[in-house]
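Remarks on the overall topology
The residues making up each chain are set out below.
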Amino acid sequence: MRAMVIDGFGDAGVLRWGDLPQPVPGPGEVLVRVVCAGVNPADWKTREGKLSAYIDYHFPFVLGFDLAGLVEAVGEGVEAFQPGDRVFGMSRQGQGLDGSYAEYCIAGAAFLAPLPPRWSFAQAAALPVAGTTAYGGIVDAGELGVGQSVLINGGAGGVGSIGIQVAKALGARVAVTCGADNQAYVRGLGADLAIDYRGGDLAGKVRAWAPGGVDLVLDAVGLDTLLPAALDIVAPGGRYVEIETLMSRASDELVAEAAKRDIRILSNMVAVARLPEHLKGLAALCAAGGVKPPAIEAMPLGDAAEAHRRVEAQHVRGKIILDVADHDAG
Ligand SMILES: NC(=O)c1ccc[n+]([C@@H]2O[C@H](COP(=O)([O-])OP(=O)(O)OC[C@H]3O[C@@H](n4cnc5c(N)ncnc54)[C@H](OP(=O)(O)O)[C@@H]3O)[C@@H](O)[C@H]2O)c1
């Protein structure tokens, strides 16, 4: 099968076309004929070797967590899917196994869900990592409730685009940070307040909107974290969910000081074991119309290096998707 592979860690230039044997699904696994692969920040971080201290990789290696496509074959014990099913979900890149920048990819059955009705493969390929991170961070780790308020740091990206909609579907009030060019975009997704993060006095603007502070912060901007200001932004009894970029940026001192004020600072990773449940919850919300597709830019799989450069620059609106096969495949 044709795939974009890397032979070692490095810049985007290490991505090249390769020919690999078609994988065979083992027990509990599903072989998916990939139609679209989503591109995540984790893909370029993996490509650079930033996760190699924790994960054993083989080379040539196929990158790509996100996939949408058709079930080609199922392994022993898989009853939830059958060949021909339209699915979206996650590869096992996080375990050092080949990902979705390829014609075929193996996924664990628990990490796949049916394509939401009326969603295209490209739209569904935007969902797996970003959507489950948003859903897990807001619903599970964040415990956001009806009538509560949330600030999503990074509202225009992959996580933010889904997070805004998940929070609105829960009946919450939603504020986000984003650049000036993305204010209309995030409002279109349902944000009640859009704050230009370059405008200064973020905490003052949040408190003018939510006197006393917000019930939840979902921090999805990696290194530009709002953590230093957490105590000024979150209300007592509230939560600050940090979406980790490689490691937590929350110091023990800040976590302890927050606890004294009854503010809990925690990582979205506390809920990661329940990712299959997050995927199912998200799929149900999409099927019910509570979450609509984010902005999408599609590129051919052969342009994976250019897609990585765009994601690395950190200003993609919504998601970049790689077209792997003809969209009419299903
Ligand atoms: N640990 C995990 O499980 C996990 C899972 C998913 C993601 N992540 C991490 O979470 C972060 C976000 O992921 P993502 O997929 O949403 O990334 P993304 O789609 O690449 O995010 C791009 C967006 O970030 C916005 N942005 C950039 N700098 C900003 C700032 N200072 N303040 C507010 N917004 C800013 C940009 O908006 P403007 O163009 O308007 O600036 C752009 O729309 C990444 O660091 C990723 O690695 C971790």
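In this text the structure is predicted, and so the values were computed from the model without any measurement.

**With respect to the overall build of the chain**
For the chain, the count of helices and strands is 10 helices and 16 strands. For 330 residues, the compact-globule estimate of 2.2 N^0.38 gives 20 Å, and the chain sits close to it at 19 Å. By its C-alpha atoms, the chain is 60 × 40 × 35 Å across when sized along the principal axes. A total of 330 residues make up the chain; the buried ones form 50% of that total.

**Focus on the pairing of strand 10 (residues 173–178)**
Note on strand geometry: in a regular strand, side chains alternate between the two faces of the sheet. Among the six residues that make up strand 10, five are buried, leaving the element largely enclosed by the rest of the structure. Two strands pair when backbone bridges link them, and strand 9 (residues 149–153) and strand 10 are joined in this way by five bridges, in the parallel orientation. Bridge pairing in strand 10 links asparagine 153 to threonine 177. Once you follow strand 9 into helix 4 (residues 158–169) and on to strand 10, the crossover reads as right-handed. Here strand 10 runs beside strand 11 (residues 193–196); their pairing, made up of four bridges, is parallel.

**A few points about the site of the ligand**
Around the ligand lies a shell of 31 residues, among which Pro41, Gly157, Gly158, Gly179 and Gly222 are the nearest. Counting only elements with at least two residues in the shell around the ligand, the list comes to helix 1 (41–47), helix 3 (128–141), helix 4 and strand 10. Taken together, the residues that form the shell around the ligand break down as 13 nonpolar, 15 polar and three charged. A domain-level breakdown of the shell around the ligand finds at least three residues from each of domain 1 (2–126 + 293–329) and domain 2 (130–273).

**Notes on the sheet that holds strand 4 (residues 61–62)**
Taken together, the three strands give an open sheet; going across it, the order is 2-1-4, and neighbouring strands pair in antiparallel fashion. Both outer strands of the open sheet, strand 2 (16–19) and strand 4, are each paired with one neighbouring strand and no more. Where strand 1 (residues 2–6) and strand 4 come together, two bridges link them in antiparallel fashion. By the bridge assignment for strand 4, isoleucine 6 is matched with phenylalanine 61.

**Details of the sheet that holds strand 9**
Spatially, six strands are ordered 11-10-9-12-13-14 in an open sheet, and the strand pairing comes out parallel. Only two strands of the sheet have a single partner each, and these edge strands are strand 11 and strand 14 (264–267). Mean inter-strand twist for the sheet, computed between neighbouring axes without regard to direction, equals 15°. In this sheet, strand 14 lies alongside strand 13 (residues 234–242) in parallel orientation, the contact comprising four bridges.

**A closer look at the pairing of strand 9**
Within strand 9, five of the five residues are buried, leaving the element largely enclosed by the surrounding structure. Here strand 9 shows a buried face lined by Ser149, Leu151 and Asn153 and a second buried face lined by Val150 and Ile152. Of the strand pairs in this sheet, strand 9 and strand 12 (residues 214–219) are connected by four bridges, and their pairing is parallel. Bridging across to strand 12, isoleucine 152 finds its partner in leucine 218.

**Some words on unusual backbone geometry**
A cis amide bond, omega -5°, links phenylalanine 59 with the succeeding residue proline 60. Relative to the helices and strands, proline 60 resides in the loop between helix 1 and strand 4. A positive phi angle, close to 70°, is found at leucine 246, a residue other than glycine. Relative to the helices and strands, leucine 246 is located in the loop between strand 13 and helix 8 (252–260).

**A short note on the nonpolar core**
Burial of nonpolar side chains together is a common tendency in soluble globular proteins. Residues Ala125, Val150 and Val217 are the most contacted members of the largest nonpolar core, which totals 108 residues. Each of two domains, domain 1 (2–126 + 293–329) and domain 2 (130–273), supplies a minimum of three residues to this core. Those residues in contact with alanine 125 that lie beyond four places of it in its chain are Cys36, Ala37, Gly38, Asp66, Leu67, Ala68, Phe88 and Ile321.

**A word on the packing of helix 3 against helix 9 (residues 275–287)**
The contact between helix 3 and helix 9 brings their axes to 9 Å, and the two run at 100°. As judged from the angle between their axes, helix 3 and helix 9 are roughly perpendicular. Facing Gly131, Thr132, Tyr135, Gly136, Val139 and Asp140 of helix 3, the residues of helix 9 in contact are Leu275, His278, Leu279, Gly281 and Leu282. The class makeup of the residues in the contact of helix 3 with helix 9 is five nonpolar, five polar and one charged.

**A few points about the environment of valine 62**
On the secondary structure map, valine 62 appears in strand 4. In this structure valine 62 comes out as buried when scored by C-beta crowding, with 24 C-beta atoms within 10 Å. Placed 66 residues apart in sequence, valine 62 and proline 128 show a C-alpha to C-alpha distance of 17 Å. Those residues within four positions of valine 62 in sequence are excluded, and the remaining contacts are Ala3, Val5, Asp98, Gly99, Tyr101 and Ala102.

**Focus: the domain arrangement of the chain**
Domain boundaries assigned for the chain yield domain 1 (2–126 + 293–329) and domain 2 (130–273). The straight-line distance from the C-alpha centre of domain 1 to that of domain 2 is 28 Å. For the side of domain 1 that touches domain 2, the residue count by class is four nonpolar, two polar and four charged.

Quick notes on the rules
- Residues numbered from 1 in each chain as written.
- Predicted model: local features only at pLDDT ≥ 70, side-chain atom pairs only at ≥ 80, totals over all residues.
- Helix = DSSP H or I, 4+ residues; strand = E, 2+ residues; numbered from the N terminus.
- Rg over C-alpha atoms; globule rule 2.2 N^0.38 Å.
- Buried ≥ 20, exposed ≤ 12 C-beta atoms within 10 Å, placed from the backbone.
- Pairing = 2+ DSSP bridges.
- Right-handed = clockwise from strand over helix to strand, strands pointing away.
- Near = placed C-beta within 6 Å.
- Nonpolar A, V, L, I, M, F, W, Y, C, P; charged D, E, K, R; others polar.
- Domains from an automatic or database assignment.
- Axes fitted to C-alpha atoms, helices over the stretch in contact; angles between N-to-C directions.
- Core = buried A, V, L, I, M, F, W, Y, C linked by C-beta atoms within 7 Å.
- Contact = placed C-beta atoms within 7 Å.
- Parallel < 35°, antiparallel > 145°, perpendicular 65-115°, else oblique.

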